[in-house]
Amino acid sequence: MQWLVLAWGILSLCSVALTVATPRLVFSSFLLPSIVWFFSELTLQWLVFHLAVNLIFLALGFIETQVAWAGVILSLSGYFAAALRLNRLTYLRFYAQQQLKSAFGFRYELEIHHDLRQRLTPLPIDYKLLWNPEKLLNQIQVKRDVKFDQSPSLLVDLYEHETPLFEKAPVLVEIHSGSWHLRSSSQPFLCRMARQGWKCFSVSCQFMSVDDAIIEYKRAIASIRQNAEHYQIDPNFVILSGASLDASIASVVALTPQEHEGCDELKGGNFSVQGCVSWCGVDDMSNQNPARQQRFRNFCSDFFTSLPAFLPVNVSQAQPPFLVIQGSADAVTCLESARHFYNNLNSPQTAMLALPLAGHLFSATHSVTAQCVFPAAERYLAFLFSKYLTSQTN
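A. Structural context of the overall build of the protein chain. For the protein chain, the helix and strand inventory stands at 16 helices and eight strands. A fraction of 81% describes how many contacts in the protein chain between residues 6 or more apart in sequence connect residues 24 or more apart. Surface accessibility of the protein chain: about 17500 Å² in total, with carbon and sulfur atoms responsible for 57%.

Right under this line is the structure:
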């Protein structure tokens, strides 16, 4: 059993090393990035589980030889490295906030409407959410499988506050088809925004091609607007959001509101949005190195052939504001790609959050990384909505 303890210690170090090395590796399946995602986004849970196993080894008398103690030392080294990384991640909440201040001025929060500012999530991390994510469902209602007559094929969930906080609530539409592979049962960011009075729609479409997905999501935006009175929403303020490949589709929809190529039924619809949040979007592969391009081909080979045709770069028309969010430890895309996309955007209210140590799809859970970045995204959307309210009163 001493070798089992040693192997467990080696696993501890390797798991931490993988979170650093994966962005430089070429993988051929979802297995490796999924394992790394578990280690990087559920670090605290991993530490507790790993420590519990070592305590079991100790209780069973497995840690008695030099080989076993070597395994324990390796485990402790892994714990220390993971804890150090976790501690550095906590500084992302200040780093993300600083980047917004650099984009909009150090006093930008004072421009947020007073009622909105009162509801913003405080910066301290709520570690209870790591163990009890259902806690965030307090004060909100989730209506599953909302149906629109105009789009019967869409899968739509509505997240809203138990009591209306606005006469006409701002709208957040999150494109979420799990990068076209699965549909999640809950959306952490939508839960947060719903608690602040936003009407949040999680929109999914069945597994389909890129072009079909774009058409379906445009149809969803038009359908939500047509039901504005029923849902007590402001049809003139709709924000779009998405993560990973869904962020790229959201970007296309946001940047091409007048285009409906190959779908005459979309003619005359209002598909414009007043902002877009791109979480780790696969925005431009043309300027990537060959190894990263091959990694992306392996990761999503079924869709790669159609990607260059729709990636939203070099768009010259008037654009809505964007918040581009990208981590430096992302195994799928990279900061250079996000910066290239960001530099092609021309809206004055556009900002980018470049996040050290953050990986891919960190926004899928209430992880430490997500809790550090969500408050900045909340403030950005509150800032946009406040600008909109000001323009309405002038």
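B. Structural detail: the packing of aromatic side chains. Inspection of every chain in the model, using the stated rule, returns 19 aromatic pairs. Centroid distance Trp-198 to Phe-385: 5.9 Å. Interplanar angle 55°. Geometry classified as tilted. Of this pair, Trp-198 sits in the loop between α8 (188-195) and β4 (199-204) while Phe-385 sits in helix α16 (residues 368-393), placing them 187 residues apart in sequence. A residue is classified by how much of its surface remains accessible, and Phe-385, at 2% relative accessible area, is buried. Seen from their ring centres, Phe-237 and Tyr-388 are 5.1 Å apart, and the 35° between their planes marks the pair as tilted. Taken together, the positions of Phe-237 in strand β5 (residues 233-243) and Tyr-388 in helix α16 put the pair 151 residues apart, joining distant regions of the chain. Each member of the aromatic cluster is reached from another via a ring pair, and the members are Phe-166, Trp-198, Phe-237, Phe-385 and Tyr-388. The positively charged end of Arg-119 is found above the aromatic ring belonging to Phe-166, 5.1 Å away from the centroid.

C. The arrangement of the pattern of salt bridges in detail. Enumeration according to the criterion identifies seven salt bridges in this entry. A salt bridge links Arg-379 to Glu-109; its shortest N-O distance comes to 3.2 Å. Here the residue Arg-379 occupies a position in helix α16, and Glu-109 occupies one in the loop between α5 (92-104) and α6 (114-119), the gap between them amounting to 270 residues. Looking at Arg-379, the relative accessible area reads 7%, which means it is buried. The closest approach of N and O atoms between Glu-378 and Arg-192, which form a salt bridge, is 3.6 Å. With Glu-378 in helix α16 and Arg-192 in helix α8, this pair connects stretches of sequence that are 186 residues apart. By relative accessible area, which is 0% here, Glu-378 ends up buried. Residue Arg-192 is classed as buried on the basis of its relative accessible area, which comes to 6%.

D. Summary view of the nonpolar core. Membership of the largest hydrophobic core comes to 53 residues, with the highest contact counts inside it found for Trp-279 and Leu-381. Among the elements that line this core, the one with the most residues is α16, at 14 residues. Leave out the neighbours within four places in its chain, and Trp-279 touches Phe-189, Ser-241, Gly-242, Ala-243, Ser-244, Ala-247, Ile-325, Phe-362, Ser-363, Val-373, Phe-374 and Ala-377.

E. Representation of the confidence of the model for the protein chain within the structure. With 78% of its residues at a pLDDT of 70 or more, the protein chain shows a mean pLDDT of 80. Confidence drops under pLDDT 50 across residues 178-185; counting only partners more than four residues distant or on other chains, this segment forms 23 contacts. Taken as a whole, residues 302-310 scores under 50 in pLDDT and shows 14 contacts with residues more than four places along the chain or in a different chain.

F. Spotlight on the environment of Leu-116. Assignment of secondary structure puts Leu-116 in helix α6. Each C-alpha atom of the pair Leu-116 and Gln-196 lies 7.4 Å from the other, and the pair is 80 residues apart in sequence. When neighbours within four sequence positions are excluded, Leu-116 is seen to be in contact with Phe-166, Ala-382, Phe-385 and Ser-386.

Rules of the game
Counting of residues starts from 1 at the beginning of each chain's written sequence and follows it residue by residue. pLDDT decides what is reported in this predicted model: residues at 70 or higher carry local features, side-chain atom pairs at 80 or more are listed and counted, and totals for whole chains, interfaces and linings draw on all residues regardless. Side-chain metrics in this entry use all non-hydrogen atoms of the structure; hydrogen atoms and water are not considered. Numbering of helices and strands starts at the N terminus; helices are DSSP runs of H or I of at least 4 residues and strands are runs of E of at least 2. It only takes one pair of heavy atoms within 4.5 Å for two residues to be counted as in contact. Areas reported as accessible are Shrake-Rupley estimates using a 1.4 Å probe. Residue values count occlusion only from the protein chains shown. Each pair of aromatic rings taken from Phe, Tyr and Trp, with Trp reduced to its six-membered ring, is defined by centres within 6.5 Å and is described as stacked if the planes are under 30 degrees apart, edge-to-face if over 60, and tilted in the remaining cases. Working definition: with a 1.4 Å probe on protein chains only, accessible area under 20% of the residue-type maximum means buried, over 50% means exposed, and in between means partly exposed. Geometrically, a charge over a ring is one whose NZ (Lys) or CZ (Arg) sits within 6 Å of the ring centre while staying within 35 degrees of the ring normal. Note on definitions: salt bridges are taken to be side-chain nitrogens of Lys or Arg within 4 Å of carboxyl oxygens of Asp or Glu. Only buried residues count toward a nonpolar core. Its members are Ala, Val, Leu, Ile, Met, Phe, Trp, Tyr and Cys residues joined through side-chain atoms within 4.5 Å. Each residue gets a pLDDT score, which is the predictor's confidence in that residue and runs from 0 to 100.

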